[in-house]
Every structure is written in C-alpha cells, then in structure tokens.
Amino acid sequence: MINLDVIKKRKTKDIIKNLAITKQLNFLIGSGVSTPAISLMKNVSGKDEKEKNENLVKEIKEVSRKILEEDFSDKEVEKTYRNYYKFLFQVIQLLNMSNSRQVPRSVNLFTTNYDLFIEKAIDKLSIENRFIFNDGANGYFKRYIDSANYNRVVSYKGLNDNYINEIPSINLIKPHGSVNWKQENEKILVNNNVEDDCVVVKPTGIEGQETFLNNYFHDMLRMFQLELDKPQSVLFVIGFSFQDKHIAKMFKRALQNCELLAYIFCFSDKDIETILKNLDLEDGINNLRILSPKDFDNSILEENKDKEDDKKIWYSFTINSLTNIFEGIQDDR
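Residues numbered from 1 in each chain as written. Predicted model: local features only at pLDDT ≥ 70, side-chain atom pairs only at ≥ 80, totals over all residues. Heavy atoms only, no water.

Colleague: Any chance you could explain the pairing of strand β13 (residues 260–265) here in plain terms?
Modeller: The side chains of a regular strand alternate between both faces of the sheet. Across the 6 residues of β13, 5 count as buried, placing the element largely inside the fold. Note: β13 against strand β14 (residues 288–291), 4 bridges, orientation parallel. Paired with Ala 262 across the bridge in β14 is Leu 288. Note that the unit made of β13, helix α7 (residues 271–279) and β14 has a crossover that is right-handed. (Buried < 20%, exposed > 50% of the residue type's maximum accessible area, 1.4 Å probe, protein only. Helix = DSSP H or I, 4+ residues; strand = E, 2+ residues; numbered from the N terminus. Pairing = 2+ DSSP bridges. Right-handed = clockwise from strand over helix to strand, strands pointing away.)

Structural data, given as structure tokens:
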C-alpha cells in the first residue's frame, strides 16, 4: 500500500534540494543555530533588558574567544561549531554543482548573530576547498566594512587562457554587527580577535546607536531587500523567529516578488504559530512555505529525549537537518 505521507515528505525534500542548486541562493541564519553553545535571548538572566543584553554580549564574547582559540573543552561549543562546519561544507558543494550560466555561483549568508562560528568554520574550510569568502571588508593590514565590496564575481582562468570558470563565492552579511568589529573614526574595522568594545546592535533595536552604525544597519538591510528582489531567488530561513521588526517588515515586502521562494524551517511544530504571529501573516501565501518536523522523515531530524522521561522521544528540525537534506544532492545527480 502506498504511503501518501511518505511520498509527500520525500517530495518536499526533493524540492528543497532542487531549489538549492537552480536558484539564486540566500540564507537567513538566526540565534537558534548557535544554540546550545549560546543562550537564546529569552533564557538570558538579568534584572532588566539592558542587563540581559549586556549579559548576552558577554556570553557571546566568551564563546567566540573559545572558538578562535579552538578551545573545545565545552562540548556544546564544539557541537555547535561542528554543525556550522558541516553545513557550510555542504553549501560549498551546492555552489560547485550549480550552473553558473544560469545563476551566479554564489550564496548570501545573512545572520543577526554576533558570534564567530561562521568565520571560524570558513577559515578551516578554505584550507582544502576553493572558494571566495567575502565579509564586505577590504584592505590588507586594516580591513574596513563597505557594502560596495559585495556583488563581486571571481573566476579562475586556465593557464593557457583557454577557459574561465567562476569560483564559488560566500558572502557574509551581519546587519547586527559582530564581536570582532571595532569602530575606528566613522568606519568599522574587522579584526581577528574579539573586541572589548565591539560594534553590535542590541536585540532591542538600533535606538541610541551612533549615526554611522544606523547607516550601516540600514545599508545591510537594504542589501537584504535588494537580493530578495532579484528574479529566481530562494531564501532559506533557519533558527530565526522574526522577532526583529525591521527584518520582519522587509521580509514581508520581499514576498511581493512573485519570483522569490521563501522557506522557513521551524525547530518544532508549535513554532509555526509563533512565526506567523511575529510576521502578522496568515498561512497560505503562494511563495512562502513554513515547514516543521512533521513535514520531514525522522531520519533527517534531530532526536531529543524528554527531560522528565528519557523514554519519550521527540524530533526537531535543526541546521543539521538542512545539512542532511543537502548531503544527498550529489548522489542524486
């Protein structure tokens, strides 16, 4: 007897795999991806919002220092780093398989996270994989952020000039700043260490920030908007609940582009309602899919044990789940 539910789940997985290599690829990565190494804002202690924000930034700095020093004595930090590494490795494989004559062999990683998990994973991956990493900074001894440094295409030319092959590019856009950014006059300097007085936009918004940071914040969000306005684009959202009103507003506007396909992956089934509420949307928008563990086979999901009864098992969709979907692409072609 044909199991229609199994067929539906398999079809969903195949659609995601196909979109990843045939569309202009974009990811929006939220704080959920950096757990369990870094606490979610709702779990941070503090007497008020200001203290909670300060404690969160302090925690992110401590974890980021461990990442840079490759101190994986904390198993949660090691697990989270490995998750990012495996995910980004698969993203590079996707870019290598895409047809550069149809879509650019590049991906945009938009993240509101301040931590350095992506940067550290990219640094390791660059040793054995050929790709271009662009974090928007330019310079040699001093590297400064400028949005004009994005939208570059780099190609490899044969020794005899007999062919040109576009090299995969990973663009990292951090509209909320990073713990390795430092203000220098009216510019943002990117360093190889965690800065004590780093440039970050607190989760409460950009109120009270200096003019230069406001301009940068809006510049990066404008880039987010422009990329999603391009034809034949796909956006995969993971670990992000759209509590940030600025990004939620821009995301909703981007959905007006009928050629954009947006997929939001929920950690649990109950998160669908939260996301729809935060976006102030109703389910059923043609170019938006909100998926949760119920839409996938358990084999690609993360297995969890109930805290009170370890015999009870429940499943969640994590960055590893998305990695598992992408892993099968090369075998399918």
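Colleague: What is the right way to read helix α8 (residues 319–327) from this model?
Modeller: Think of an α-helix as 3.6 residues a turn; residues three or four steps apart then line up on the same face. Burial analysis of α8 places 7 of its 9 residues in the buried class, which makes it a mostly covered element. Buried within α8 are the following residues: Ile 319, Asn 320, Ser 321, Leu 322, Thr 323, Ile 325 and Phe 326.

Colleague: Before we go on, may I ask you to explain the layout of surface pockets in this structure?
Modeller: One way to see where empty space is left: roll a probe the size of a water molecule over the atoms. Here the second largest pocket is characterised by a volume of approximately 420 Å³. Forming the walls of the second largest pocket are 19 residues, and the residues nearest its centre are Glu 119, Lys 120, Asp 123, Phe 133 and Asn 192. For the lining of the second largest pocket, the elements supplying multiple residues, two or more each, are α4 (117–125) and β9 (177–184). Here the lining of the second largest pocket gets 4 residues from one element, more than from any other, and that element is α4. Looking at side-chain class alone, the lining of the second largest pocket contains 8 nonpolar, 5 polar and 6 charged residues. (1 Å grid on protein atoms, 1.4 Å probe; cavity = no way out; pocket = protein on both sides within 12 Å on 5 of 7 lines; lining within 4 Å. Points joined across faces, edges and corners; volume = space filled by probe spheres on them. Nonpolar A, V, L, I, M, F, W, Y, C, P; charged D, E, K, R; others polar.)

Colleague: Teacher, can you tell me more about the packing of helix α3 (residues 75–97) against α4 here?
Modeller: To characterise two packed helices, one gives the angle between the axes of the helices and the distance between these axes. α4 packs onto α3 with a crossing angle of 60° between their chain directions and a minimal axis gap of 9 Å. As judged from the angle between their axes, α3 and α4 are oblique. Regarding α3 and α4, the two cross each other, and that crossing is right-handed. Facing Val 77, Thr 80, Tyr 81, Tyr 84, Tyr 85, Leu 88, Phe 89 and Ile 92 of α3, the residues of α4 in contact are Phe 117, Ile 118, Lys 120, Ala 121, Ile 122, Lys 124 and Leu 125. Residue classes in the contact of α3 with α4 are distributed as 12 nonpolar, 1 polar and 2 charged. (Axes fitted to C-alpha atoms, helices over the stretch in contact; angles between N-to-C directions. Parallel < 35°, antiparallel > 145°, perpendicular 65-115°, else oblique. Left-handed = near helix turned anticlockwise from the far one by under 90°. Contact = heavy atoms within 4.5 Å.)

Colleague: Help me understand the sheet that holds strand β11 (residues 198–200) in this model?
Modeller: Across a sheet, paired strands are connected by hydrogen bonds in the backbone, their directions being either parallel or antiparallel. Strand order across the open sheet formed by 5 strands is β4-β5-β10-β9-β11, with antiparallel pairing between neighbours. The open sheet is flanked by β4 (137–138) and β11, the only strands paired with a single partner. Both strand β5 (residues 143–145) and strand β10 (residues 187–190) contribute to a ladder of 2 bridges, which runs antiparallel. From the neighbouring strand, Arg 143 faces β10, where its bridge partner is Val 190.

Colleague: Help me out: how do you make sense of the environment of Leu 19 in this one?
Modeller: Relative to the helices and strands, Leu 19 resides in helix α1 (residues 4–22). Once residues lying within four places of it in the same chain are set aside, the contact partners of Leu 19 are Val 234, Phe 236, Leu 261 and Tyr 263.

Colleague: What exactly am I supposed to notice about the packing of aromatic side chains here?
Modeller: The way to describe two aromatic rings as a pair is by their centre distance and the angle between their planes. Across all of its chains, the model carries 18 aromatic pairs by this definition. Connected via pairs of aromatic rings, a cluster forms that spans Phe 27, Phe 87, Phe 236, Tyr 263, Phe 265, Phe 296, Phe 317 and Phe 326. Residue placement shows Lys 187 over the ring face of Tyr 144; its charged tip is 5.0 Å from the ring centre. (Phe/Tyr/Trp six-rings, centres within 6.5 Å; stacked < 30°, edge-to-face > 60°. Lys NZ or Arg CZ within 6 Å of the ring centre and 35° of its normal.)

Colleague: I would appreciate a short explanation of the sheet that holds β14 in the present structure.
Modeller: In space, the 7 strands of this open sheet follow the order β3-β8-β2-β1-β12-β13-β14, with parallel pairing throughout. The open sheet is flanked by β3 (132–134) and β14, the only strands paired with a single partner. For this sheet the average axis-to-axis angle between neighbouring strands, irrespective of direction, equals 15°. Relative to strand β2 (residues 106–111), strand β1 (residues 24–29) runs parallel, the two being bridged by 5 bridges. From the neighbouring strand, Leu 25 faces β2, where its bridge partner is Val 107. Sheet strands touched by α3: β1, β2 and β8 (169–173). Its angle to β1, the strand with the most contacts, is close to 165°.

Colleague: What should I look at first to understand the confidence of the model for the chain in this one?
Modeller: The predicted structure's coordinates, where accompanied by low pLDDT, should not be read in detail. Of all residues in the chain, 90% attain a pLDDT of 70 or more, and the chain-wide mean is 88. Mean pLDDT values over the elements of the chain span from 52, in helix α9 (residues 329–332), up to 98, in α4. (pLDDT = per-residue confidence, 0-100.)

Colleague: Explanation requested: the pairing of β8 in the structure shown.
Modeller: Burial analysis of β8 places 5 of its 5 residues in the buried class, the great majority of the element. Side chains of β8 alternate between two faces, with Ser 169, Asn 171 and Ile 173 and Ile 170 and Leu 172 buried alike. Taken together, the 5 bridges between β2 and β8 define a ladder with parallel strand orientation. Following the sheet pairing, Asn 108 is matched in β8 by Asn 171. Here 3 bridges tie β3 to β8, and the two strands are oriented parallel to one another. Paired with Ile 132 across the strands is Ser 169, a residue of β8.

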